[in-house]
Amino acid sequence: MSGAKIKGWCPSLFEPMAAGDGLLVRVKPRVEGISAAQLRALGDAARKYGSGRIEITNRANFQARGFAPESVAPFAVTMLEAGLASADPAAERRRNIIVAPGLGAEMMGFARQLEAWLEQDDSLQALPTKFGYAVGEVAEVADLCILPGGDAPLVVLPGHCSVPAADPVAVAQALTHAFLRQAGDLTPRPRRLRDLLAATGPDVFCAIAGLKMPSLVPTEVQPIVGVGTMPGAFGLGLAFDAQTADMLRHAADLAERFGNGRLRTTSAGTLVLLGTGDNPAGLAEAARGQNFIIDPSDKRTRIKACAGRPSCPSALADVRAVAAGLAPLWAGVGVLHVSGCSKGCAAPGGAAVTLVATGWEDRFDIVCDKRADALPERAGVSLPDAIHWMTERHFCR
């Protein structure tokens, strides 16, 4: 078990990260999803060994908070016993796969192949901890995504250009190994594929990977909402992706009562119950009673906020409280991101409007359509002035 580390990387089950409320660790569901029994085991262990506060990250991982140094190891043992992690810390570190709900057999087959390869290929040791994959959706946090296509599946690169591929897993493997070869030749060494593509261009990079270029085409991004009724499933939303151990137990109960007992996490920070029956009204009512968001038009599904103060030592404000206050005012046009600092962890790809805490007299910078660390439209404004600015531009009502 290594010691706690700081920002600039991703924690794992075996590598905790120091936060303002103790250590935090991440539990990565298998590509098959998570069973109700596993979800209960996770919730119970998070409460026994940590604070019981759990989040779903934009990588579709569970992030459990509030651990002491001596409680991380027994929590990890419990997760291994529940089948929720790879026993090899290096394999667990690089097992970063987002799987969209509702995949068909072919796409699920690709997800299984990816997971097996990531666990077994020791030549991937040098992969950065944030390097990851998505199957069935274009996730902004993923470096390579596999989508269904017309004549063939598509492998999508950052910038939303795609390569049609009869064997998309083999193409993803070739691109990953090309990244490892090229990244080692650059200074500073890129940690993400988008950084490498900015230096080489997608055509040169794909040529290095042995792929032909005429197939590069733009790919439209369809964001995953993951709330409410969907084909054969039902999504439970969480205000600002946060929940408690008790809510995990409630979700497990709902999965067994109304579905097939299995769930999936999403990059939108939701829990999706699989195999739900023909009683969405009954399921929705039961979920609403446990404080889950069940309406995809709920404004909170369009608002992102990080852990904020006091949970995160980098945060300069209690941004979840600010986000909760803004929710009734938000017009729902695009995403509102309230960030505790300029890292912008809750919306790394940017948002329609980002309010960035400055730490100075409860003031915020306003950033539009960019990442939180971009040059602001307005700097150091009070929250009432920020609301006035957003109202004038029809972001708030």
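In what follows, the accompanying structure is described. Owing to the predicted nature of the structure, the values given are computational and were not obtained by experimental measurement.

1. What to know about the side chain of Glu137
Here's step 1: With respect to the helices and strands, the residue Glu137 is situated in the loop between strand 7 (133-135) and strand 8 (144-147).
Here's step 2: Buried Glu137, no salt bridge; nearest opposite-charge side chain is Arg264, N-O distance 8.8 Å.
Here's step 3: Side-chain polar atoms of Glu137 contact the side chain of Ser267, separated by 2.9 Å.

2. Describing helix 2 (residues 72-81)
Here's step 1: Val72, Phe75, Ala76 and Met79 are the residues of helix 2 that are buried. Angular distribution of buried residues about the axis of helix 2 spans 100 degrees; they occupy a single face of the element.
Here's step 2: Taken together, the buried residues of helix 2 touch strand 2 (22-27), helix 1 (36-49) and strand 5 (62-67).

3. Thoughts on the sheet that holds strand 15 (residues 262-265)
Here's step 1: Read across the open sheet, the 5 strands follow the order 3-15-16-13-12; overall the sheet is antiparallel. In this open sheet, the two strands that pair with only one neighbour each are strand 3 (34-35) and strand 12 (228-230).
Here's step 2: Bridge analysis of strand 13 (residues 233-236) against strand 16 (residues 271-274) gives 4 bridges, and the strand direction is antiparallel. Looking at the pairing, Phe234 lines up with Leu273 of strand 16.

4. Regarding unusual backbone geometry
Here's step 1: Going from Thr187 to Pro188, the amide bond is cis rather than trans, its omega being -5 degrees.
Here's step 2: Assignment of secondary structure puts Pro188 in the loop between helix 5 (168-183) and helix 6 (193-200).
Here's step 3: Cis geometry is adopted by the peptide bond preceding Pro310, which originates at Arg309 and carries an omega value of 5 degrees.
Here's step 4: Even without glycine at this site, Glu361 takes up a positive phi of about 50 degrees.
Here's step 5: Looking at the secondary structure, you find Glu361 in the loop between strand 19 (351-357) and strand 20 (363-370).

5. Side note on the pattern of salt bridges
Here's step 1: Applying the stated criterion to the full structure yields 23 salt bridges.
Here's step 2: As a salt-bridge pair, Arg53 and Asp21 come within 3.4 Å of each other at their nearest N and O atoms. Separated by 32 residues along the polypeptide, Arg53 in strand 4 (residues 53-56) and Asp21 in the loop between strand 1 (17-19) and strand 2 bring together distant segments of the chain.
Here's step 3: Given a relative accessible area of 24%, Asp21 falls into the partly exposed group.
Here's step 4: Across the pair Lys304 and Asp241 runs a salt bridge, and its minimum N-O distance is 3.5 Å. Taken together, the residues span a long stretch of sequence, with Lys304 in strand 17 (residues 303-305) and Asp241 in the loop between strand 13 and strand 14 (242-244) at a distance of 63 residues.
Here's step 5: In this structure Lys304 comes out as buried when scored by relative accessible area, which is 17%.
Here's step 6: Looking at Asp241, the relative accessible area reads 15%, which means it is buried.
Here's step 7: Look at the salt bridges and you will find they share partners, linking Asp21, Arg53, Glu55, Arg65 and Arg320 into a network.

Thresholds, definitions, all that
Residues numbered from 1 in each chain as written. Predicted model: local features only at pLDDT ≥ 70, side-chain atom pairs only at ≥ 80, totals over all residues. Heavy atoms only, no water. Helix = DSSP H or I, 4+ residues; strand = E, 2+ residues; numbered from the N terminus. Buried < 20%, exposed > 50% of the residue type's maximum accessible area, 1.4 Å probe, protein only. Lys, Arg positive; Asp, Glu negative; His and termini not counted. Salt bridge = Lys/Arg side-chain N within 4 Å of Asp/Glu carboxyl O. Polar contact = N/O pair within 3.5 Å; in protein donor to acceptor, adjacent residues only side chain to side chain. Arc of directions from axis to C-beta. Contact = heavy atoms within 4.5 Å. Pairing = 2+ DSSP bridges.

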